[in-house]
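# Close look at the chain arrangement
The lines below spell out each chain.
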Amino acid sequence: MVVQTIVEDFPPIAATPRRRLSWNWLGVVPFFAFTALFLLLPTGLLMVGAFQDADGYFTLNNIRNLFTETIWNAYKISIEVSLASALLGALLGFLLAYAVIGGGLPRWLRPTLMTLSGVASNFAGVPLAFAFLATLGPTGLVTVLLMYFFNFSLRSTGFNLLSFWGLTLTYLYFQIPLMVLIMTPALDGLKKEWREASSILGATRWQYWRHVALPVLWPSFLGSALLLFANSFGAIATAYALTGSSLNIVTILLYAQIRGDVLHDQNLGYALALGMIVLTGASNIFYIWLRARSERWLK
Amino acid sequence: MAFLSIQELRKVFGAASVVQKFDLAVERGEFISFLGPSGCGKTTVLRMIAGFERPTSGAIRVDGKNVTDLPPNRRNVGMVFQAYALFPNMTVAGNVAFGLKVAHRPQSEIAARVEEMLKLIKLPALGNRYPYQLSGGQQQRVALARALAIKPQILLLDEPLSALDAKIRVSLREEIRTVQRNLGITTIFVTHDQEEALSMSDRVVVMNEGRIEQIGTPFEIYNYPRTRFVASFVGTLNILQCRVADPARGTIMIDEQEIVASRGLNGAKAGELRSVALRPEAVSLREANGDWNRLRGTIEEVSFLGAIVRIRVRFKESAVSLDTFNSPGAPPPERGQSTIVSFARDDLLVLDGAEPA
Amino acid sequence: MKRGRVWSWVAIIIGAIYFFVPLIATFEFSLRMRRGTHSFDAYAVVFSDQRFQASFLYSSVLALATIVVGVLLVVPTAYWVELRLRRLRPLVEFITLLPLVIPAIVLVFGYLRIYNSSSWLPLTASERGTDILLMFGYVSLSLPYMYRAVDTGLRAIDVRTLTEAAESLGAKWPAILFRVIFPNVRSGILSGAFLTFAIVIGEFTLASLLDRPAFGPYLQLIGANRAYEPAALAIIAFAVTWACMGLINLVGSGARGTAPAR
């Protein structure tokens with residue numbers, strides 16, 4: 001009898017939720033409106049435009065024209081620079097992070113490294129290009145000192161800052177810290193007990209790395225490398241300041257195109273942009289997948 | 001000769017002496033517990049046996065061989081960690097097989113042994129699961145199987161049940177003991193839970209602040225604690241203040257009531273303040289006959305714990321906790337009731353000095 | 001393990017060299033303006049340059065506007081999602097990660113196409129309008145970092161329980177938002193704010209293609225034409241970045257975000 005009364009006291013369920021739901025949705029409308037207008041729409045229309053010609057008809061011509069020599073070369077160089085700086089940055093960043101976390105170094109080094117990495121990973125663009133010019137350029141400090149003290153000419157080794165390897169080296173300045181910042185939490189996740197457990201079960205250090213640590217770390221490592229790749233691919237300011245248009249990477253090509261319609265074909269520009277998004281998008285999706293996978297293991 | 005012999009083991013971290021003069025001889029097949037509060041050094045000693053810490057001085061011998069300087073991966077010792085420490089990238093079978101794999105045993109041998117181990121821990125069907133798919137209790141059993149797969153000489157367990165739910169703790173406790181008995185493997189079990197230590201061990205080593213307080217069977221350390229620390233740490237204990245009345249006759253005063261203590265008053269002077277200890281199960285809520293001690297008091301608190309009813313009786317300044325069994329026919333007494341408690345003279349433990357205020 | 005220690009130190013030392021030498025070199029270079037001696041002439045020239053002051057001011061103001069708009073956009077959204085619209089979380093997070101995928105140059109390309117003089121929202125038709133467009137672009141660029149900083153802060157304080165506690169004590173939602181939520185995510189907001197400032201100050205692509213007198217294009221201009229001033233500017237830019245990062249650390253946990261100005 002008591003139960004029956006309680007059930008009858010409550011109003012039918014259908015009435016209330018609809019009202020409450022609409023107020024909640026109102027709270028996020030500004031966000032969705034903003035991102036729609038200033039993030040999704042511009043990008044989306046560009047992507048659609050890549051498949052249109054000047055009159056608005058559907059075509060695959062733009063995509064086909066991506067493979068013409070200038071543009072394809074630009075992509076090639078961009079990908080090469082990004083791969084080089086991503087792989088090197090990932091490896092060196094990993095070693096640095098490992099040295100600080102597991103290398104038996106004083107405690108205070110870790111927060112210091114984190115702070116410096118935070119600063120260095122944001123120090124990019126024009127100032128970074130200047131900094132490297134001032135260091136390894138023709139009148140740079142290191143170049144001059146090498147000549148002065150060791151009578152060693154940097155130029156004689158064939159090294160030129162305004163080149164592929166010069167740009168890669170410069171990119172590493174923010175790639176390595178980025179890697180350090182991303183990998184540190186992953187390395188933290190390597191529990192001390194695993195090392196001890198493997199050791200007490202008879203494994204050597206190398207066996208531990210081969211069977212436990214590296215398998216656990218490689219999704220994070222690969223994912224971070226991908227992030228570095230996407231990061232490098234989308235960069236422009238540093239390259240523009242350093243190598244200008246002598247090293248024709250995709251971002252600079254697109255920049256010139258937007259600036260002065262160098263390609264004489266706006267839709268081709270859209271295709272360029274599309275190509276960029278596909279590459280960076282794929283990298284990021286792969287990164288997220290890898291991260292989710294490693295998080296599942298380490299729950 | 002003892003199977004595991006630890007002699008004059010010491011460990012100093014910087015300025016702190018964490019383990020002081022630890023001596024222990026363990027027979028083959030014995031189950032020993034290290035019992036003590038956090039920071040007492042029990043885990044440090046365990047880790048020195050495993051080889052993760054180097055002793056500052058002293059020696060550890062296993063089956064006659066001095067292992068003090070051997071690295072952990074050469075000692076053939078099995079270890080189960082508090083946080084399970086299962087390798088997340090390997091299946092259960094992979095984890096259990098790990099020790100054999102790194103020893104380059106043939107595949108057939110590994111497979112057979114893994115199957116044997118999984119049967120031992122009663123999880124034969126979970127070989128292909130990953131650690132994150134298992135419950136805490138299951139993970140710990142796999143950790144046990146992994147440690148035993150390499151047929152170690154000694155099994156070390158570092159508070160393996162602390163991270164588990166109460167019910168699982170109890171069942172796993174029994175399982176570990178059964179497995180250990182069946183295999184006859186010498187085992188050292190570190191815990192801060194005295195119920196675990198008492199129920200599982202052949203002998204218990206009670207530690208405090210880096211020192212051994214007492215080594216003995218569970219019966220011995222519970223009923224004949226040698227120091228105040230052991231008395232208060234192992235089991236619950238009533239500690240009461242008393243004033244010595246007549247040392248010759250053995251009478252003492254608790255809150256102006258006189259009782260007799262049958263031992264422990266040697267060298268005491270009249271008027272001295274002392275502490276006495278009483279186990280709850282020694283106290284009875286009846287007026288007993290003969291030469292049992294009797295004390296008059298008021299019932300202050302009644303806690304119905306199911307099978308046990310815990311009653312606190314207050315005298316004036318002091319109070320005593322006693323346990324009686326639940327009896328469906330006789331409901332527990334009411335608070336505020338006047339009552340008499342009794343206990344045998346022999347059950348009264350006189351401790352040195354007065355209880356600190 | 002001893003052997004491992006040596007290699008760790010080697011790695012750290014090499015890292016330190018790679019990090020500090022360019023800075024030292026740049027600083028030294030910036031002191032070379034007066035022939036034959038070291039002086040702060042380059043800095044004097046830079047600081048007294050009208051365009052430096054104007055562009056730095058412009059970018060700073062824009063950065064502040066970006067921060068305000070960003071906070072007003074992100075905080076209520078993060079709060080609502082955490083509290084009542086949990087199911088939307090993956091979608092919102094995905095959107096906030098998009099600016100990391102879409103390069104700035106693509107974004108500005110899209111802006112120029114949509115919001116030019118002949119569109120339904122002709123933002124680029126006027127200077128003020130373009131400023132606003134630039135600011136919205138910056139809000140988009142800093143969205144991932146701002147959202148993550150605020151979201152981390154919100155999650156750390158268990159918003160749901162706090163709100164329920166406040167409600168049970170009789171508070172209405174404005175009071176809850178301003179008296180309970182905002183103070184607790186303040187450090188997250190500040191972290192996001194400093195990061196945004198660092199991003200906006202050094203940003204080049206958007207400002208250049210939208211043709212606004214910001215600091216980034218100014219740096220580029222000086223770099224192309226002058227010899228010693230760029231080095232001084234690089235040091236100044238580094239100092240600003242350092243200050244921002246330092247303030248973030250000071251403000252507390254927050255998200256350790258990174259935002260390559262590229």
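Here the structure is a predicted model, which means the values were calculated and not measured.

When helices and strands are counted, chain B shows eight helices and 19 strands. Dimensions of chain B along its principal axes, counting C-alpha atoms only, are 75 × 50 × 35 Å. Burial analysis of chain B (357 residues in total) assigns 38% to the buried set. Put simply, 66% of the contacts in chain B that link residues at least 6 apart link residues at least 24 apart.

Regarding its fold elements, chain A presents 13 helices and zero strands. When the 299 residues of chain A are sorted by exposure, 48% land in the buried category. Across chain A, contacts joining residues at least 24 apart in sequence account for 75% of those joining residues at least 6 apart.

Another aspect to go through is the nonpolar core. Judged by nonpolar contacts, the single largest core of 269 residues is most densely connected at Ala273(A), Val96(B), Leu156(B) and Val150(C). Residue contributions to this core peak at 15 residues, all from helix H4 (residues 69-102) of chain A. Split by domain, this core shows at least three residues from each of two domains, domain 1 (1-39) and domain 2 (50-251) of chain C.

This part is about the interface of chain A and chain B. In this complex, chain A contributes 19 residues to the contact, which on the side of chain B involves 18 residues. Of all the secondary-structure elements, those providing two or more residues to the side of chain A that touches chain B are helix H9 (192-200), helix H10 (205-233) and helix H13 (266-297) of chain A. At six residues, H9(A) tops the list of elements feeding residues into the side of chain A that touches chain B. Classifying every residue of the side of chain A that touches chain B by side-chain character gives 10 nonpolar, four polar and five charged.

Take the two pairs of chains in contact: the one carrying the most contacts is chains A and C. One finds no contact linking chain B with chain C; the least C-alpha distance across the pair is 12 Å.

A few words now on the interface of chain C and chain A. With 67 residues of chain C at the contact, the number on the chain A side is 65 residues. The biggest single contributor to the side of chain C that touches chain A is helix H1 (residues 2-30) of chain C, with 14 residues. Taken together, the residues of the side of chain C that touches chain A sort by class into 45 nonpolar, 16 polar and six charged.

Residue and element names in this part refer to chain B. Following the sequence through the fold, valine 19 ends up in strand S2 (residues 16-26). Classification of valine 19 by C-beta neighbours within 10 Å gives buried; the count is 25. Placed 19 residues apart in sequence, valine 19 and serine 38 show a C-alpha to C-alpha distance of 13 Å. Leaving out residues up to four positions away in the same chain, valine 19 has contacts with Leu9, Arg10, Lys11, Gly41, Thr44, Val45 and Gly210.

Residue and element names in this part refer to chain B. Taken together, the four strands give an open sheet; going across it, the order is S2-S1-S4-S5, and neighbouring strands pair in antiparallel fashion. Of all strands in the sheet, those with a lone pairing partner are S2 and strand S5 (65-66), marking the two edges. Pairing between strand S4 (residues 57-62) and S5: two bridges, direction antiparallel. Paired with valine 62 across the strands is lysine 65, a residue of S5.

What follows concerns the packing of helix H6 (residues 127-156) of chain C against helix H9 (residues 186-202) of chain C. Residue and element names in this part refer to chain C. Viewed as axis vectors pointing N to C, H6 and H9 meet at an angle of 155°, and their least axial separation amounts to 8 Å. Relative to H9, the element H6 lies roughly antiparallel. Of the two elements, H6 crosses H9, and the hand of that crossing is right-handed. Contacts between H6 and H9 involve Tyr138, Leu141, Ser142, Tyr145, Met146, Ala149, Val150, Thr152 and Gly153 from the first element and Ser187, Gly188, Ile189, Ser191, Gly192, Leu195, Thr196, Ile199 and Val200 from the second.

Turning our eyes to something else, we now look at the packing of helix H2 (residues 92-102) of chain B against helix H4 (residues 136-149) of chain B. All names here are of chain B. Where H2 meets H4, the closest approach of the two axes is 7 Å, and the angle between their N-to-C directions is 25°. The angle between H2 and H4 falls in the class roughly parallel. The interaxial crossing formed by H2 with H4 has right-handed handedness. Along its contact with H2, which presents Val92, Asn95, Val96, Phe98, Gly99 and Leu100, the element H4 presents Val142, Ala145, Arg146 and Ala149. Residue composition of the contact of H2 with H4, grouped by class: seven nonpolar, two polar and one charged.

Over its 25 residues, helix H8 (residues 164-188) of chain A extends 35 Å from the first C-alpha to the last, a length consistent with the 36 Å expected when each residue adds 1.5 Å. With 19 of 25 residues buried, H8(A) is to be regarded as a mostly interior element.

Taken as a whole, chain B shows an average pLDDT of 88; of its residues, 98% reach a score of 70 or greater. Predicted complex metrics record ipTM = 0.81 and pTM = 0.79.

For the rest of this paragraph, the subject is unusual backbone geometry. Residue and element names in this part refer to chain B. Notably, lysine 151 is not glycine yet its phi reads approximately 50°, a positive angle. Inspection of the secondary structure puts lysine 151 in the loop between H4 and strand S7 (154-158). The phi dihedral of glutamate 159 is positive, around 45°, even though this residue is not glycine. With respect to the helices and strands, glutamate 159 occurs in the loop between S7 and helix H5 (166-183).

Right, let's get into the sheet that holds strand S17 (residues 319-325) of chain B. Residues and elements named next belong to chain B. Strand order across the open sheet formed by four strands is S17-S16-S15-S18, with antiparallel pairing between neighbours. Both outer strands of the open sheet, S17 and strand S18 (338-343), are each paired with one neighbouring strand and no more. Neighbour to neighbour, the strand axes of the sheet diverge by 50° on average, direction disregarded.

The subject of this paragraph is the environment of Leu162(C). Residue and element names in this part refer to chain C. Its place among the elements puts leucine 162 in helix H7 (residues 159-168). Residue leucine 162 is classed as partly exposed on the basis of its C-beta count, with 16 C-beta atoms lying within 10 Å. It is 44 Å that separates the C-alpha atoms of leucine 162 and leucine 210, two residues lying 48 residues apart in sequence.

Before going further, it helps to examine the pairing of strand S14 (residues 273-278) of chain B. Residue and element names in this part refer to chain B. Summarising the sheet, strand S11 (residues 238-246) and S14 pair through six bridges and their orientation is antiparallel. If you follow cysteine 242 over to S14, its bridge partner there is arginine 274. Relative to strand S19 (residues 349-351), S14 runs antiparallel, the two being bridged by three bridges. Pairing of valine 276 across the sheet is with valine 350, part of S19.

Further remarks concern the environment of Lys269(B). Residue and element names in this part refer to chain B. Summarising the element assignment, lysine 269 is placed in the loop between strand S13 (257-260) and S14. Separated by 21 residues in sequence, lysine 269 and alanine 248 place their C-alpha atoms 9.4 Å apart. Those residues in contact with lysine 269 that sit more than four places away from it in its chain are Val244 and Pro247.

Once that is clear, we can look at H9(A). Of all nine residues that make up H9(A), seven are buried, and the element is covered over most of its length. All of the buried residues in H9(A) are Trp194(A), Arg195(A), Glu196(A), Ala197(A), Ser198(A), Ser199(A) and Ile200(A). Considering only its buried residues, H9(A) is in contact with H10 of chain A together with helix H1 (42-50) and strand S6 (77-80) of chain B. In the stretch just after H9(A), Gly202(A) is the one whose phi turns positive, near 105°.

Before going further, it helps to spend a moment on the confidence of the model for chain A. Residues and elements named next belong to chain A. Predicted confidence across chain A gives a mean pLDDT of 81, with 90% of residues reaching 70 or more. Here helix H1 (residues 2-9) stands out as the element of chain A with the lowest mean pLDDT, 41, in contrast to H9, whose mean of 92 is the highest. Across residues 1-19, confidence stays below pLDDT 50; counting only partners more than four residues off in sequence or on other chains, it has zero contacts.

We now examine the pairing of S4(B). All names here are of chain B. As paired strands, strand S1 (residues 4-13) and S4 are joined by five bridges and run antiparallel to one another. Along S4, the bridge assignment pairs glutamine 7 with alanine 59. Count of turn residues in the S4/S5 antiparallel hairpin: two residues, of which aspartate 63 carries a positive phi of about 55°.

Cut-off values and rules
Residues numbered from 1 in each chain as written. Chains lettered and ligands numbered in written order. Predicted model: local features only at pLDDT ≥ 70, side-chain atom pairs only at ≥ 80, totals over all residues. Helix = DSSP H or I, 4+ residues; strand = E, 2+ residues; numbered from the N terminus. Buried ≥ 20, exposed ≤ 12 C-beta atoms within 10 Å, placed from the backbone. Contact = placed C-beta atoms within 7 Å. Core = buried A, V, L, I, M, F, W, Y, C linked by C-beta atoms within 7 Å. Domains from an automatic or database assignment. Nonpolar A, V, L, I, M, F, W, Y, C, P; charged D, E, K, R; others polar. Pairing = 2+ DSSP bridges. Axes fitted to C-alpha atoms, helices over the stretch in contact; angles between N-to-C directions. Parallel < 35°, antiparallel > 145°, perpendicular 65-115°, else oblique. Left-handed = near helix turned anticlockwise from the far one by under 90°. Expected span 1.5 Å × (residues − 1). pLDDT = per-residue confidence, 0-100.

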